[in-house]
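Single-letter residue listing:
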Amino acid sequence: MEITATVGTELSHVVSQAALAFVARLHREFNARREVLLRARADRQAQFDAGALPDFLAATRRAREGDWRTAPVPADLERRHVEITGPAERKMMINALNSGADVFMADFEDALSPTWRNVIDGQQNLIDAVARTITYTGPEGKTYRLGDKIATLLVRPRGWHLVERHVHVDGHPIAAAFFDFGLYLFHNARRLLERGSGPYF
């Protein structure tokens with residue numbers, strides 16, 4: 001695995017050897033399937049462009065017509081009346097988590113310009129938010145920190161079709177989704193589960 005961008009010492013733990021090994025394992029395990037699905041998506045779009053209409057797959061009939069239930073929804077996701085979305089930017093996250101909304105989705109796809117620094121800073125902000133140590137002091141001297149009651153945190157990794165060009169596994173750029181998902185899961189899943197919550201995406 002190779003990183004082609006600079007990571008300062010203050011953020012080197014975000015892309016530690018152990019974290020990168022976990023992300024590389026995701027890539028090696030699932031990237032071939034991701035590429036098959038992306039080709040199938042392009043083929044399906046070509047069919048629609050040629051006039052085909054969408055329909056349900058015959059293979060899913062049993063699931064559609066069967067009598068089944070899902071596992072219960074986690075307690076901290078049962079109420080989702082108000083959800084807000086924004087970038088994984090420090091001040092924005094503090095304000096969003098404190099906003100009174102039921103859920104805040106930290107968005108790495110549409111709400112964040114995916115520069116290398118923004119992505120790595122975003123991961124650090126998630127780590128600090130989950131640890132409940134996130135703070136921000138603005139240029140005017142005002143300090144922001146989390147309140148006692150905060151929104152449930154969801155994370156939206158970048159899409160399947162995007163790559164993180166600064167990280168290569170076996171000579172190929174890693175899927176941005178694996179990078180975003182993997183780092184968040186690696187750094188935060190255990191703490192969230194111990195708190196009775198979970199890593200939600």
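This text goes with the structure placed above it.
Here is what the cut-offs are and how they apply
Residues numbered from 1 in each chain as written. Predicted model: local features only at pLDDT ≥ 70, side-chain atom pairs only at ≥ 80, totals over all residues. Heavy atoms only, no water. Pairing = 2+ DSSP bridges. Helix = DSSP H or I, 4+ residues; strand = E, 2+ residues; numbered from the N terminus. Axes fitted to C-alpha atoms, helices over the stretch in contact; angles between N-to-C directions. Parallel < 35°, antiparallel > 145°, perpendicular 65-115°, else oblique. Left-handed = near helix turned anticlockwise from the far one by under 90°. Contact = heavy atoms within 4.5 Å. Nonpolar A, V, L, I, M, F, W, Y, C, P; charged D, E, K, R; others polar. Buried < 20%, exposed > 50% of the residue type's maximum accessible area, 1.4 Å probe, protein only. Phe/Tyr/Trp six-rings, centres within 6.5 Å; stacked < 30°, edge-to-face > 60°. Salt bridge = Lys/Arg side-chain N within 4 Å of Asp/Glu carboxyl O.

## Topic: the sheet that holds strand β3 (residues 103-107)
Read across the sheet, 3 strands follow the order β2-β3-β6 without closing on themselves; strand pairing throughout is parallel. Each end of this open sheet is capped by a strand with a single partner; those strands are β2 (83-86) and β6 (152-156). Sheet twist, expressed as the mean angle between neighbouring strand axes with direction ignored, is 25°. Pairing analysis gives 5 bridges linking β3 to β6, with the strands arranged parallel. When the sheet's bridge partners are listed, A106 is paired in β6 with V155.

## Some words on the packing of helix α1 (residues 17-49) against helix α5 (residues 176-194)
Put simply, α1 and α5 touch, their axes get as near as 9 Å, and they point 140° apart. Comparing the axis directions of α1 and α5 gives the class oblique. Once α1 is placed against α5, the crossing between them reads as right-handed. Taken together, the residues of α5 that come into contact with α1 (itself represented by A18, A19, L20, F22, V23, L26, H27, F30, N31 and R34) are F178, F179, F181, G182, L183, L185, F186 and H187. In terms of residue class, the contact of α1 with α5 is built from 13 nonpolar, 4 polar and 1 charged.

## Some thoughts on the environment of F30
Checked against the element boundaries, F30 lands in helix α1. We classify F30 as partly exposed; its relative accessible area is 43%. Placed 42 residues apart in sequence, F30 and P72 show a C-alpha to C-alpha distance of 27 Å.

## Considering the sheet that holds strand β1 (residues 2-3)
A sheet is described by the order of its strands in space; here 3 strands give the open sequence β1-β7-β8, paired in antiparallel fashion. Where the open sheet ends on each side, the last strands, each with one partner, are β1 and β8 (172-175). Of the strand pairs in this sheet, β1 and strand β7 (residues 163-169) are connected by 2 bridges, and their pairing is antiparallel. Counterpart to I3 in the pairing with β7 is V167. Sheet contacts for α5: β7 and β8; angle to β8, the most-contacted strand, approximately 55°.

## Some remarks on the packing of aromatic side chains
Each aromatic ring pair is specified by the distance between its two centres and by the angle formed by the two planes. Under the defined criterion, the tally for this structure stands at 6 aromatic pairs. A ring pair is formed by F22 and F186, whose centres lie 6.1 Å apart and whose planes are at 40°; its orientation type is tilted. Placement of F22 in helix α1 and of F186 in helix α5 is noted, with a sequence separation of 164 residues between them. Through successive ring pairs, a cluster of aromatic residues spans F181, Y184 and F201.

## Digging into the pattern of salt bridges
Side chains that differ in charge, positive against negative, can pair when their charged atoms come close. Taken as a whole and judged by the stated rule, the model has 12 salt bridges. Linking D170 and R28 is a salt bridge whose minimum nitrogen-to-oxygen distance equals 2.9 Å. Here R28 lies in helix α1 and D170 lies in the loop between β7 and β8, a separation of 142 residues in the sequence. Taking the shortest distance from any N to any O, the salt bridge between R90 and D128 comes out at 2.5 Å. With R90 in helix α3 (residues 90-97) and D128 in helix α4 (residues 116-131), this pair connects stretches of sequence that are 38 residues apart. Overall, the relative accessible area of 19% leaves R90 in the buried class. The class for D128 is buried, based on a relative accessible area of 15%. Overlapping salt bridges bring together D107, E109, D110 and R156 as one network.

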